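Each chain is listed here by its residues.
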Amino acid sequence: MPSHDLADFTIPPAHATSTEHHPNALFALSGIDLSEIFAPADFARLERTCTVADAPPIESFESQAAQDLLAQTEVLITGWGAPPLTDELLDHAAKLRAIIHTAGTVKGIVPTSTFDRGIVVSSAAATNAIPVAEYTFACIIMGLKRAEAFRKQYAANPAGNRALPADRAHPVGAFGARVGIIGASHVGRLVATLLRGTGMHVSIYDPYLSEAEALNLGATLSDLDTICAQSDVLTIHAPDIPETHHMIGKKQLDLLPDGALLINTARGRLLDHTALLPHVESGRLDAYLDVTDPEPLPEGHPLFSLPNVVLTPHIAGSLGREVHRLGAAAVDEIERYVAGKPLAFGIDKAQLHRMA
């Protein structure tokens, strides 16, 4: 297959006889094939809506060819591995009017000045929150069922009964359990919604959430320390910003009741792993951790070998066929933009700081 430089590619003009708004679009991402993001039907919708650049996705804006393509672009479609935009780049992107992100956070991709230039920005964070919330819900059910303890007991003694192992005298089952949600993010709100009708009691902590909003989610609003002291399950869904670094630390972990289940599907830095270790080594707490600090953990870290800790390698978010949901949502947003409608998942400058 012949190799090509970006200079070989252009954004072809829209059909001269068309009066329909048909903006030039460009992809900027790396590490993932477009077919993994867009199902064939959704890519066809995109091509009906935009004039897509005849070029591979941009992985860096360092070359003049990439900058020339950006200068012709009205809709920039970004995703995992997207190269960051700078004020200097935006100065030369006079036609750019929309940045549609096919992944979660746009922090680190768009500068704050983007919003002052009349450029609309959309993120797929709310869409990506769906599998994270589903995964968290599964962790709550499996964790409260003490499935891992039963699994290990069954493997060691297949003829044994269903009695909880003698060294795991924690309450079993979800009904009546108290769940504390840390952060009313997209994921946190979806988790609260999924917990409706389960017989569990839900509390939520978020400094930006009102009591009325919490009630609408089927939860009660509480402060952080009270939630920790009263929760059978503590699940973390706050953004990774300086204010939330180690927000679940020694004080909060000490407050958790014996047998409590700690779940983190947000960011590893929100949890103080050094403070967590004695609680899980003693068996006082159980933990399901999809994210860690550092990530990945170094080989031989004690969390890998503890029977009451379930570690997964950051898989809660969109994987496999779930990623097509992100592509479909991005095309939906582009169709709204082209039709002159408000974006469903638009981001403003104030939200940028609070994103994960």
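This text follows the structure it describes.
In this report, the structure presented in the accompanying data block is examined. Throughout this description, residue numbers start from 1 for each chain and increase along the sequence as written. Selection of residues for local features in this predicted model requires a pLDDT of at least 70, selection of side-chain atom pairs for listing and counting requires 80 or more, and totals for whole chains, interfaces and linings are taken over all residues. Only hydrogens and water are set aside; all other atoms, that is, all heavy atoms of the structure, feed into the side-chain values.

## Things to note about the overall build of the chain
The condition is simple: Only runs of H or I of at least four residues qualify as helices and only runs of E of at least two qualify as strands under DSSP, and these elements are numbered from the N terminus. Buried means the residue's accessible area, taken with a 1.4 Å probe over protein chains only, is under 20% of the maximum for its type, while exposed means over 50%, and partly exposed covers the values in between. For this analysis, residues touch if any pair of their heavy atoms sits within 4.5 Å. We get accessible surface area from the Shrake-Rupley algorithm with a probe of 1.4 Å; when it comes to residues, only the shown protein chains can shield them. Residues scored as charged are limited to Lys and Arg (positive) and Asp and Glu (negative), so that His and the chain ends carry no count. Here the site of a charge means atom NZ of a Lys, CZ of an Arg, CG of an Asp or CD of a Glu.
The secondary structure content of the chain amounts to 13 helices and 13 strands. C-alpha atoms of the chain, sized along the principal axes, occupy 75 × 50 × 35 Å. Across the 356 residues that make up the chain, the buried fraction comes to 50%. Restricting to contacts in the chain with at least 6 residues of sequence separation, those with at least 24 account for 67%. Looking at the chain as shown, the accessible area adds up to about 17,100 Å², and 56% of this sits on carbon and sulfur atoms. Averaging the locations of the 26 positively and 41 negatively charged side chains of the chain gives two centres separated by 8 Å.

## Remarks on the nonpolar core
Applied cut-off: Residues enter a nonpolar core if they are buried and are Ala, Val, Leu, Ile, Met, Phe, Trp, Tyr or Cys, with the set joined through side-chain atoms within 4.5 Å.
Among the nonpolar cores identified, the biggest contains 28 residues, and Ile140, Ile181, Leu195, Met200 and Ile204 are the most heavily contacted of them. For this core, the elements supplying multiple residues, two or more each, are helix H5 (125–144), strand E6 (178–182), helix H7 (186–195), strand E7 (201–205) and strand E10 (261–264). At six residues, the largest contribution of residues to this core is made by H5. Those residues in contact with Ile140 that sit more than four places away from it in its chain are Val179, Val191, Leu195, Met200, Val233, Leu261 and Ile263.

## Digging into unusual backbone geometry
Residue Pro294 is bonded to the preceding Asp293 through a cis peptide linkage, with omega at 0°. Note that the residue after Glu295, namely Pro296, is joined by a cis bond; omega there is 0°. Note that Pro296 resides in the loop between strand E11 (286–289) and strand E12 (309–311). At Arg146, a residue that is not glycine, the phi angle is positive and equals roughly 55°. Note that Arg146 resides in the loop between H5 and helix H6 (147–156). Judged by relative accessible area, which is 5%, Arg146 ranks as buried.

## What to know about the pattern of salt bridges
Test applied: One speaks of a salt bridge when a side-chain nitrogen belonging to Lys or Arg is within 4 Å of a carboxyl oxygen belonging to Asp or Glu.
Scanning the entire structure with this criterion turns up 15 salt bridges. Glu148 is the salt-bridge partner of Lys152, the closest N and O atoms lying 2.4 Å from each other. Taken together, the residues Lys152 and Glu148, both in helix H6 and four residues apart, mark about one turn of the helix. Each member of the salt-bridge network shares a partner with another, and the members are Asp42, Arg45, Asp332 and Glu335.

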